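Structural description and commentary
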Amino acid sequence: MKIIPFTVKANLPEKLMPLKELAYNLWISWNFEAIRLFIRLDYDACLASRQNPAKTLGLVTQERLEEAAADDSYLAALERVCSRFRSYLDGERWYSGNMTRTIAYFSMEYGLDTQLPIYSGGLGVLSGDHLKTASDLGLPLVGVGLLYRQGYFRQYLNPDGFQLETYPENDWYNMPISICADKDGEAVRISVDIGGELVIAQVWEVKIGRSSLYLLDANIDENSPDNRLITATLYGGDREMRLRQELLLGIGGIRAIFALGITPAAAHMNEGHSAFLGLERIRRLVAEQGLTFKQALQAVKPTNIFTTHTPVSAGNERFAVDLMAKYFKKIAAELKLDWQDFLALGRENPADSGEPFCMTVLALKLSAYANGVSSLHGQVSKKMWRKLWPGLPVAEVPISAITNGIHPRTWISHDLLDLLDRYLGPSFNDRPMEFDIWERLERISDEELFRTHERRRERLVAFTRHRLKAQLESRGKSAAEIEAVEGALSPYALTISFARRFATYKRANLLLKDPERLIKLLTDNEHPVQLIFAGKAHPHDLDGKELIKEIIHFAGNPEVRSRIVFLEDYDMTIARYLVSGSDLWLNTPLRPMEASGTSGMKAAFNGVLNLSILDGWWAEAFSPDCGWAIGQGEEYKEKALQDEIEGKALYNLLEREIIPMFYSRGRDGLPREWIKRMKNSMSMAGRGFSSHRMLMEYSDKFYLPALANYEAFSGKGFTRAKEVAEYIARVQDQWGNIQVEHSMVTGDRRRRVGEKLKVTARVDLGSLAADDVLVELYFGPLSPGGEIGGARRMEMRPLKADNLGKGGALNYETEIPCDYVGRQGYAVRVLPRHPFLIEPFPPGLLKWG
């Protein structure tokens with residue numbers, strides 16, 4: 001049977017046409033006044049569409065549309081929203097640079113809104129917030145990703161509490177997304193050779209305020225059934241399918257950007273999945289500009305940014321050599337690279353022929369800028385990847401840290417937003433980069449803030465009961481069991497939530513380690529406590545699934561059944577209810593395995609207090625006046641011991657501080673000390689953990705320098721890139737000949753504070769000139785183990801100027817300021833130096849005396 005497709009669209013009256021523009025721009029997802037328009041148009045249609053305005057328009061009857069078009073009050077509300085939308089699109093931008101120089105932001109997933117289910121968790125939600133914030137700030141940034149036909153799985157539990165998965169198909173023609181067309185109206189398509197087969201992908205666009213996200217779709221008739229599966233499921237399939245997905249994302253994504261007429265001046269890899277984009281950017285310069293691989297690398301590397309999110313080595317993407325050979329030998333030839341040289345790009349030890357190809361290593365080697373996603377994670381990343389910079393002290397490994405942030409207007413409940421808009425003033429909405437606005441929180445009375453929060457808790461309880469009923473109905477439970485859900489949870493009890501991916505290191509069951517103590521807490525009628533759990537385990541993570549099952553079995557205990565629940569199919573909708581309606585946000589990872597942890601930030605913005613291990617963002621955000629820390633940042637070798645110690649600490653905090661504080665009420669019924677902490681928590685989050693702070697930091701540290709590098713390195717026929725490539729090649733050839741022959745101190749080695757210590761060194765540069773290198777003194781206090789800690793760097797100057805351009809042995813000297821008492825130490829080292837060199841420490845070019 002041959003099926004001929006055709007498309008039917010909503011027949012909107014002329015006066016309601018602005019609704020379509022709103023429905024197809026995800027600006028609506030963080031503007032509740034716009035969402036109200038669709039709820040008011042047809043509440044039942046909104047529910048049936050799963051909060052998808054684009055689909056809602058197709059479900060509303062023509063009669064109701066005509067009614068709304070004749071309703072002057074509805075049209076007035078529509079005009080108010082449209083006026084605000086137009087003001088946003090045309091309004092002031094924080095970014096004032098060249099808008100034609102585009103930053104291409106690549107991510108495997110994007111969590112923009114529930115209506116577009118192409119995300120699995122925190123990484124995707126962060127990517128979504130990144131694009132929303134780029135729109136707010138007016139940055140010339142576009143997102144690039146894959147359009148998954150089935151997205152991530154939908155979760156449901158069997159009667160025994162074991163997680164099962166379904167993979168419903170996404171209907172793109174009823175979602176806020178459209179196919180990109182060229183000037184002739186034809187769909188924009190690109191092709192990529194994947195394992196000897198030409199895979200074609202069409203490009204779709206999602207509008208996010210002033211920003212755009214472009215998504216590649218391989219599910220088209222021109223592709224084989226097997227190749228159509230490349231964009232079937234997020235994180236689905238085997239290792240080979242993952243490699244094919246990442247090949248399409250990185251290489252195909254760059255081709256898509258060019259096909260759309262956009263020249264990516266800089267590229268940001270959000271995790272290593274998209275690292276192949278660096279190879280495609282290099283390949284284009286080799287093919288189109290006639291550059292060598294090394295020249296093209298020097299042109300591209302200064303414009304690449306890489307963000308790592310994985311704090312454990314095993315979690316970084318690696319592919320076997322035979323799999324790489326199947327898909328990349330042709331690409332290596334196009335890059336004019338020997339196969340072993342190609343494999344070396346993804347290896348920590350290029351000499352190890354058995355080492356698999358690592359995407360994180362590739363991203364680090366192709367990027368001038370790299371960062372972790374919290375201060376602690378940055379330190380962990382430096383240690384993890386130090387082998388890429390042999391001999392370099394860990395503190396100097398060029399991986400910095402930019403702590404994640406969240407998009408406030410997406411995650412603050414609309415009830416609280418109304419309150420904040422009223423008291424913080426118009427700048428709270430119009431100028432989110434002005435963080436001092438949070439000082440105005442004190443204008444809000446304790447009563448008004450807490451009553452607003454109590455309404456959110458009531459809504460959370462009502463929402464939870466509704467979802468529990470649906471869960472039980474889907475499992476075929478009896479009418480009596482379903483009816484009993486009405487007694488689940490209380491809108492007045494201290495509500496603790498734990499919601500995140502169910503991986504074993506996150507320890508969702510830490511509270512369950514002492515069941516008797518937990519039952520005692522949950523059955524205390526004088527100071528009632530209730531627990532809400534939510535989260536998905538990866539389909540292949542059986543240990544994570546067992547954690548969910550353990551919670552379900554505990555929650556089945558008749559003593560606590562009404563006080564502990566698990567919400568299935570955790571998504572952004574559930575997350576919004578939890579982070580705004582809970583009282584306490586629980587986070588219990590094994591330190592330092594939580595890279596950032598943005599769910600706690602979302603809670604803090606809503607006045608929900610955090611109770612967390614000092615890991616990820618909380619390690620830098622915590623202070624006693626805005627939440628609680630479990631432990632003091634200790635790390636243990638034995639997990640059982642860590643669970644025991646931190647489990648007891650958790651219960652002690654709950655029993656001795658948290659629960660008593662929440663129920664310590666005055667005659668007005670308000671927990672004043674708790675409310676004080678709510679305000680402190682909100683102020684802390686608003687000042688330091690918004691995505692606007694995050695993106696401004698990315699801009700200052702990475703984006704603006706990368707865009708400037710693009711201008712400098714691509715201009716004048718790539719002269720600067722060629723010059724740096726020639727310099728690096730020359731220095732690498734001669735580096736083995738450099739010798740620090742000796743160094744010595746002039747006079748007595750014992751000095752008083754305030755004096756200086758003169759150090760001289762004799763360095764043989766071989767055939768290199770003095771201007772080719774930087775000779776440094778590396779000095780600081782000595783640890784008991786004989787290592788220099790808190791080191792400082794000081795350039796050493798050559799004594800004789802008449803030999804600077806001739807190479808050979810030169811004498812260098814400098815003076816160390818004696819600022820501290822105690823045992824000190826120094827070492828002499830040599831580094832490459834060139835005026836156009838962007839990298840502070842090119843790998844393999846470091847010589848110690």
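In short, a report on the structure. The structure displayed is predicted, hence computed values, not measured ones.

**Considering the layout of surface pockets**
If you roll a probe as big as a water molecule over the atoms, it shows you where there is empty space left. Its volume calculated, the second largest pocket comes out at about 1,500 Å³. In terms of lining residues, the second largest pocket is bounded by 47 residues, among which L47, Q51, F463, T573 and Y577 are the most central. Every element with two or more residues in the lining of the second largest pocket is listed here: helix 2 (32-41), helix 3 (43-48), strand 3 (154-157), helix 16 (408-411), helix 17 (414-424), helix 19 (446-474) and helix 23 (572-581).

**Some thoughts on the nonpolar core**
Counting residues in hydrophobic clusters, the biggest one holds 183 residues, and the most contacted among them are L248, F276, M324, F328 and F342. The element best represented in this core is helix 28 (residues 691-734), accounting for 16 residues. The contacts of F328, once residues within four sequence positions are left out, are L243, L247, I251, F276, L279, W339 and F342. I437, I519, L521 and I574 belong to the second-largest nonpolar core, a separate cluster that totals 100 residues.

**Observations regarding the environment of L424**
Here L424 lies in helix 17. With 174 residues separating them in the primary sequence, L424 and G250 have C-alpha atoms 43 Å apart. Aside from chain neighbours lying at most four places away, what touches L424 is I437, W438, R440 and L441.

**Side note on the sheet that holds strand 28 (residues 847-848)**
Overall, antiparallel pairing links the four strands, which are arranged 24-23-27-28 in an open sheet. This sheet does not close on itself; its edge strands, each paired only once, are strand 24 (792-795) and strand 28. Sheet analysis places strand 23 (residues 773-781) next to strand 27 (residues 824-832), joined by nine bridges and oriented antiparallel. If you follow V775 over to strand 27, its bridge partner there is V830.

**Here we look at the pattern of salt bridges**
Evaluated as defined, the whole model comprises 62 salt bridges. Across the pair K545 and E165 runs a salt bridge whose closest N-O atoms are separated by 2.9 Å. Here K545, found in helix 22 (residues 542-555), pairs with E165, found in strand 4 (residues 163-166); they are 380 residues apart in sequence, far enough to count as distant. Note that D446 is salt-bridged to R672, the shortest N-O span being 3.0 Å. Residue D446 is located in helix 19, and its partner R672 is located in helix 27 (residues 672-688); the two are separated by 226 residues in the primary sequence. Relative accessible area serves as the criterion here: at 18%, D446 is assigned to the buried category. Residue R672 is classed as partly exposed on the basis of its relative accessible area of 43%. One salt-bridge network, in which partners are shared between bridges, spans R507, K513, K639, D643 and E646.

**What to know about helix 22**
End to end, helix 22 covers 20 Å across 14 residues, agreeing with the expected 20 Å (1.5 Å per residue, within 8%). Turning to helix 22, its buried residues are G544, K545, L547, I548, K549, I551, I552, F554 and A555. At the N-terminal boundary of helix 22, the capping side chain belongs to D541, with an oxygen 3.3 Å from the backbone nitrogen of D543.

**Quick notes on the sheet that holds strand 20 (residues 627-630)**
Remark on secondary structure: sheet strands pair via backbone hydrogen bonds, oriented parallel or antiparallel. Pairing within the open sheet is parallel, and its six strands lie in the order 17-16-15-18-19-20. Looking at strand neighbours, the two that pair on one side only are strand 17 (564-567) and strand 20, the edges of this open sheet. Strand after strand, the sheet turns through a mean of 20 degrees between neighbouring axes, direction not considered. Bridge count between strand 15 (residues 494-499) and strand 16 (residues 529-534): six bridges; the pairing is parallel. Across the sheet, A499 pairs through a bridge with A534, a residue of strand 16. Docked against the sheet, helix 21 (residues 515-522) engages strand 16 and strand 17, running at close to 115 degrees with respect to strand 16. Of the strands in this sheet, strand 15, strand 18 (584-587), strand 19 (609-613) and strand 20 touch helix 27, which is tilted by about 75 degrees from strand 19.

**Observations concerning the packing of helix 21 against helix 26 (residues 639-662)**
The geometry of helix 21 relative to helix 26 is characterised by a closest axis approach of 11 Å and an angle of 20 degrees between their N-to-C directions. With respect to helix 26, the axis of helix 21 lies roughly parallel. Seen from above, helix 21 lies across helix 26 with left-handed handedness. Residues R517, L518 and L521 of helix 21 touch helix 26, and the partners they reach there are K648, Y651, N652, L654, E655 and I659.

**Focus on unusual backbone geometry**
R591 connects to P592 through a cis peptide bond whose omega is 5 degrees. Inspection of the secondary structure puts P592 in the loop between strand 18 and helix 24 (598-605). With phi around 60 degrees, Q51 is a residue other than glycine that occupies positive phi space. Within the fold, Q51 resides in the loop between helix 3 and helix 4 (53-59).

**Some remarks on the environment of A70**
By the element assignment, A70 lies in the loop between helix 5 (62-69) and helix 6 (72-90). A relative accessible area of 65% places A70 in the exposed class. Between the alpha carbons of A70 and K382 there is a distance of 63 Å; along the sequence they are 312 residues apart.

**Quick look at helix 5**
Those residues of helix 5 not exposed but buried are R64, L65, A68 and A69. For helix 5, the angular spread of buried residues about the axis comes to 140 degrees, placing them on one side. In the core, the buried residues of helix 5 are packed alongside helix 2 and helix 6.

Procedures and definitions
Per chain, residues are indexed from 1 in the order of the written sequence. The predicted nature of this model means local features are confined to residues of pLDDT at least 70 and side-chain atom pairs, given and counted, to a pLDDT of 80 or more, with totals for whole chains, interfaces and linings taken over all residues. To get the side-chain values, all heavy atoms of the structure are used, and hydrogens and water are removed first. A cavity, in this analysis, means grid points on a 1 Å lattice covering only the protein atoms where a 1.4 Å probe fits yet has no way out; a pocket is instead an open set bounded by protein on both sides within 12 Å along at least five of seven lines, and a residue lines either one if it has an atom within 4 Å of a point. Grid points are joined across faces, edges and corners, and a volume is the space filled by probe spheres set on the points. A run of H or I in DSSP counts as a helix once it spans at least four residues, and a run of E counts as a strand once it spans at least two, with each numbered from the N terminus. What is meant by a nonpolar core is a set of buried Ala, Val, Leu, Ile, Met, Phe, Trp, Tyr and Cys residues, joined one to another through side-chain atoms within 4.5 Å. Throughout this description, buried means an accessible area under 20% of the type-specific maximum (1.4 Å probe, protein chains only), exposed means over 50%, and partly exposed covers the range between. Note on definitions: a residue-residue contact is assigned when non-hydrogen atoms from the two residues lie within 4.5 Å. Should DSSP find at least two bridges between two strands, the strands are regarded as paired. The salt bridge definition used is simple: a Lys or Arg side-chain nitrogen within 4 Å of an Asp or Glu carboxyl oxygen. Residue count minus one, scaled by 1.5 Å, sets the expected span of a helix. Within 3.5 Å is the distance limit for a polar contact, defined as a pair of N or O atoms, with the added protein rule that one can donate a hydrogen and the other accept it, and that residues adjacent in sequence qualify only through two side-chain atoms. Axis lines are fitted through C-alpha atoms, for helices just across the contact stretch, and the angle between N-to-C directions can take any value from 0 to 180 degrees. Note on terminology: angles under 35 degrees are roughly parallel, angles over 145 are roughly antiparallel, angles of 65 to 115 are roughly perpendicular, and the others are oblique. A clockwise turn of the near helix away from the far one marks a right-handed crossing, whereas an anticlockwise turn of less than a right angle marks a left-handed crossing. What the arc measures is the spread of directions leading from the helix axis to the C-beta atoms.

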